[in-house]
Amino acid sequence: DPNLAEAAISRVLTEGKVTNYELTARSREGKLTVVSYNATTFHDRDRILQGVFAAARDITERKQYEESLRDATHRAEQANRAKSEFLANMSHEIRTPMNAVIGLSYLLGQTSLDEQQLTFLAKVKLASKSLLVVLNNVLDLSKIEAGELIVERAAFSLRSLLKELTDVM
């Protein structure tokens, strides 16, 4: 680009140097190449300008690599957003029938059941609540990624938690 080249020359003559000025240069074969142009003026002992020393380094591959990194980053961010939306949607979709299972388990518990049926029902209720906790954790993960999670302190009984785990397992 002749205008950018002229600007680089003017700049080095005005400022005394130019560092990492990007230009597109055309080789003798006609190939366009992105270069990093560096130049500095040089003077004699009497501080009279004698000329300009300039060097251009081919950075075409680096520019292509940077562009591919930008594209890959963009694709990764899109995939991450899609994953987060999928997890949030699936968690909500699963939570609705899970709440129905919990509610129906409660209603079933209000009927007359024998001892074995009550034991099975207790395990269904516990497993349902455990699954609901997992779903809520997935939703919390989505909130963490969105920067919207609020951490709360809550007291709990480790003994009760371990008993529930062993009952389910």
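The model shown is predicted, which means the values in this text are computed figures rather than measured ones. (Residues numbered from 1 in each chain as written. Predicted model: local features only at pLDDT ≥ 70, side-chain atom pairs only at ≥ 80, totals over all residues. Heavy atoms only, no water.)

### A few points about the nonpolar core
Here is step 1: Among the nonpolar cores identified, the biggest contains eight residues, and these are Ala8, Val12, Val18, Tyr21, Leu23, Val35, Tyr37 and Ala39.
Here is step 2: For Ala39, the residues in contact, after removing those within four places along its chain, are Val12, Gly16, Lys17, Val18, Val52, Phe53 and Ala54. (Core = buried A, V, L, I, M, F, W, Y, C linked by side-chain atoms within 4.5 Å. Buried < 20%, exposed > 50% of the residue type's maximum accessible area, 1.4 Å probe, protein only. Contact = heavy atoms within 4.5 Å.)

### A short note on unusual backbone geometry
Here is step 1: A positive phi is found at Asn20, a non-glycine position, where the angle reads about 50 degrees.
Here is step 2: Along the chain, Asn20 turns up in strand β1 (residues 17–26).
Here is step 3: In this model, Arg47 sits at a positive phi of 65 degrees, which is unusual for a non-glycine residue.
Here is step 4: For Arg47, the location among the structural elements is in the loop between β2 (32–43) and β3 (49–58). (Helix = DSSP H or I, 4+ residues; strand = E, 2+ residues; numbered from the N terminus.)

### Observations regarding the sheet that holds β2
Here is step 1: The three strands are arranged β1-β2-β3 in an open sheet whose pairing can be described as antiparallel. The open sheet has two edge strands with one neighbour each: β1 and β3. Neighbouring strand axes in the sheet, compared pairwise and without regard to direction, differ in orientation by 30 degrees on average.
Here is step 2: Pairing between β1 and β2: eight bridges, direction antiparallel. If you follow Ala25 over to β2, its bridge partner there is Thr33.
Here is step 3: Helix α2 (residues 60–109) contacts β1, β2 and β3 of the sheet and is inclined by roughly 125 degrees relative to β2. (Pairing = 2+ DSSP bridges. Axes fitted to C-alpha atoms, helices over the stretch in contact; angles between N-to-C directions.)

### A word on the environment of Ala5
Here is step 1: Mapping Ala5 onto the fold places it in helix α1 (residues 2–15).
Here is step 2: Residue Ala5 is classed as partly exposed on the basis of its relative accessible area of 29%.

### Things to note about the packing of aromatic side chains
Here is step 1: Under the criterion given, the structure shown has one aromatic pair.
Here is step 2: When the ring of Tyr21 is compared with that of Tyr37, the centres are 6.4 Å apart and the planes differ by 70 degrees; the resulting orientation is edge-to-face. Placement of the pair is Tyr21 in strand β1 and Tyr37 in strand β2, with a sequence separation of 16 residues.
Here is step 3: Using a relative accessible area of 13% as the deciding quantity, one classes Tyr21 as buried. (Phe/Tyr/Trp six-rings, centres within 6.5 Å; stacked < 30°, edge-to-face > 60°.)

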